[in-house]
Amino acid sequence: MSRQDSRDFVIGLGLESSANKIGVGIMRHAKRPPRAENDGSSNVDGHSSNISTVLANVRRTYITPPGTGFLPRDTAAHHRAQVIPLVQEALRAANLSPQDIDCICFTKGPGMGAPLHVSALVARTLSLLWNVPLIAVNHCVGHIEMGRMITGAQNPVVLYVSGGNTQVIAYAENRYQIFGETLDIAIGNCLDRFARIIGLSNDPSPGYNIEQCAKRGSKFVELPYTVKGMDMSFSGILAYLESNCKKLLMEHTADDLCFSLQENLFAMLVEVTERAMAHVGAKEVLIVGGVGCNERLQQMMGVMVSERGGHLFATDESFCIDNGIMIAQAGLLQYASGNATPLEDTWCTQRYVSIDSRESVVQSINHSDSERTVFR
């Protein structure tokens, strides 16, 4: 009898390395299908749960000096040095051995090429050593599925905001669809590059340090605001700041600029998200991605959602920021539907559209008792 047949749960190990964070997470799912309604059985504290339990969630961040970004080669070198100790740490935290793992889940994309290959290589190696299947996961879907599992959101418009992605996504016509997105750079990239311009530290992250500066700012500075239909553009506001930063700092403080930048960017996100809510008739908004843990963004979005009689769902930095547990979560959903990835298909791609890989996840959670079960 196999270990899968002898237990009423499955355990997945997730590996995430798409950018400057290397994360390893271990998740346990009950084998019985979750009910259509939100029964509150998700669990994130390591205690027993009817559906899912987070057993370990560890990560390390590659931090560069102020005024600099992270290069793919150097980031990959950092991840290679950290990944095996992190796997060992995760197993210890979960009190498990390799024999307890049912599948290895890894980020296939999108992301930076060299860092992506680190988790893919380790995933292949562990799969062969431990004789367990591989599950290739879309990074974007991982964020969404983790956010829904943690918060219990049922039918949300999803605002996905990170260093590499800015999308407003909603479920319509039996699949997730992108209703709006950035036309150029991601909002997190815009924030990171502005932090570089004014010399903020990258520790713990540029976006976090901008948020702290913005809390001290009080004077709003007029900046470009670009919303085109359901899409947004962030390159213009960044170019304006790059060209005029010295002049602006003679008249305003860096804190005021951080405050004004946040207010401008987040207002654009709120505007497009509200349009998506109106279009699909949604009453919930779920914010995922690294920028999603920004308290001011949550506050502004919360005001809009409450005025529409809805509810905002968001998580803290433990789950908003890239982590291995979100890859394990989405991977286990795919594993439940029999969607393992053959070894020859475990290549990585820097371009991976979020709605394309949704089908395999939907299959694993779309039970016959209700169409709405795709949102469990």
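Before reading on, note that the structure itself is shown above.
Criteria and cut-off values
- Residues numbered from 1 in each chain as written.
- Predicted model: local features only at pLDDT ≥ 70, side-chain atom pairs only at ≥ 80, totals over all residues.
- Heavy atoms only, no water.
- Helix = DSSP H or I, 4+ residues; strand = E, 2+ residues; numbered from the N terminus.
- Buried < 20%, exposed > 50% of the residue type's maximum accessible area, 1.4 Å probe, protein only.
- Contact = heavy atoms within 4.5 Å.
- Axes fitted to C-alpha atoms, helices over the stretch in contact; angles between N-to-C directions.
- Parallel < 35°, antiparallel > 145°, perpendicular 65-115°, else oblique.
- Nonpolar A, V, L, I, M, F, W, Y, C, P; charged D, E, K, R; others polar.
- Polar contact = N/O pair within 3.5 Å; in protein donor to acceptor, adjacent residues only side chain to side chain.
- Phe/Tyr/Trp six-rings, centres within 6.5 Å; stacked < 30°, edge-to-face > 60°.
- Lys NZ or Arg CZ within 6 Å of the ring centre and 35° of its normal.
- Disulfide = S-S within 2.5 Å.
- Pairing = 2+ DSSP bridges.
- Right-handed = clockwise from strand over helix to strand, strands pointing away.
- Expected span 1.5 Å × (residues − 1).
- Core = buried A, V, L, I, M, F, W, Y, C linked by side-chain atoms within 4.5 Å.

Draft legend 1. The arrangement of the overall build of the protein chain in detail. Within the protein chain, the secondary structure is distributed over 11 helices and 12 strands. Burial statistics for the protein chain: of 376 residues in total, 55% are counted as buried. Sequence separation of 24 or more characterises 77% of the internal contacts of the protein chain that already satisfy a separation of 6 or more.

Draft legend 2. Structural context of the packing of helix α5 (residues 206-216) against helix α7 (residues 254-280). Orientation of α5 relative to α7, taken along the N-to-C sense of each, is 105°, at an axis distance of 7 Å. Considering their axes alone, α5 and α7 lie roughly perpendicular with respect to each other. Contact residues: α5 offers I210, E211, C213, A214 and R216, while α7 offers D255, C258, F259 and Q262. Here the contact of α5 with α7 is composed, by residue class, of five nonpolar, one polar and three charged.

Draft legend 3. Here's a closer look at the environment of H78. Following the sequence through the fold, H78 ends up in helix α1 (residues 72-94). If near-sequence neighbours (up to four positions away) are discounted, H78 is found in contact with I22, R60, T61 and Y62. A polar side-chain atom of H78 sits 3.1 Å from a polar atom in the side chain of H79.

Draft legend 4. Molecular detail of the packing of aromatic side chains. In total, this model carries zero aromatic pairs according to the counting rule given. Just above the ring of F9 sits the side chain of R28; from NZ or CZ to the centre is 5.5 Å.

Draft legend 5. Examining the state of the cysteines more closely. Tallied over the entire structure, the rule returns zero disulfides. Lacking any disulfide linkage, C103 is separated from the closest cysteine sulfur, that of C105, by 3.9 Å. For C103, a relative accessible area of 0% gives the class buried.

Draft legend 6. The pairing of strand β5 (residues 134-138), seen in detail. Extensive coverage of β5 is indicated by the burial of five of its five residues. Residues L134, A136 and N138 point to one face of β5 and I135 and V137 to the other, with burial holding for every one of them. Inspection of the sheet shows strand β4 (residues 103-109) paired to β5 by five bridges, in the parallel sense. Bridging from a neighbouring strand, T107 pairs with V137 of β5. What joins β4 to β5 is helix α2 (residues 113-130), and the crossover it makes is right-handed.

Draft legend 7. Spatial organisation of helix α3 (residues 139-151). Helix length check: α3 (13 residues) gives 19 Å between terminal C-alpha atoms against 18 Å at 1.5 Å per residue, within 8%. Among the 13 residues in α3, 12 count as buried, and that is most of the element. If you check which residues of α3 are buried, you get H139, C140, V141, G142, H143, I144, E145, M146, G147, R148, M149 and T151. For α3, the N-terminal cap is N138; the gap from its side-chain oxygen to the backbone nitrogen of C140 is 2.7 Å. Two residues or fewer past α3, G152 is found with a positive phi of approximately 80°.

Draft legend 8. Structural view of the packing of helix α4 (residues 187-197) against α7. In contact at an axis separation of 12 Å, α4 and α7 are set at 170° when each is read in the N-to-C sense. When the axes of α4 and α7 are compared, the pair comes out roughly antiparallel. Contacts from I187, C190, L191 and F194 of α4 reach α7 at L257, C258, L261, L265, F266 and L269.

Draft legend 9. Examining the environment of L312 more closely. Position of L312 relative to the elements: it lies in strand β12 (residues 311-313). A C-alpha to C-alpha distance of 5.7 Å links L312 and G302, two positions 10 residues apart in sequence. If we ignore the near neighbours within four places in the chain, the residues touching L312 are V285, I287, Q298, M301, G302 and V305.

Draft legend 10. Layout of the sheet that holds strand β6 (residues 156-161). The mixed open sheet is built from five strands, whose spatial order is β8-β7-β6-β11-β12. Every other strand in the sheet has two partners, leaving β8 (175-181) and β12 as the edge strands with one partner each. The sheet shows a mean angle of 25° between the axes of neighbouring strands, direction not considered. Bridge analysis of strand β7 (residues 166-172) against β8 gives six bridges, and the strand direction is antiparallel. Pairing of I169 across the sheet is with I178, part of β8. The strands that α7 touches are β6, β7, β8 and β11 (284-288); relative to β6, the one it contacts most, it runs at about 155°.

Draft legend 11. Structural detail: the nonpolar core. Among the nonpolar cores identified, the biggest contains 48 residues, and I187, F194, F234, L265, L269, L297 and M301 are the most heavily contacted of them. Element by element, the count of residues in this core is highest for α7, at 12 residues. Once you skip the residues sitting within four places of it in the chain, L265 turns out to touch I187, C190, L191, F234 and I237.

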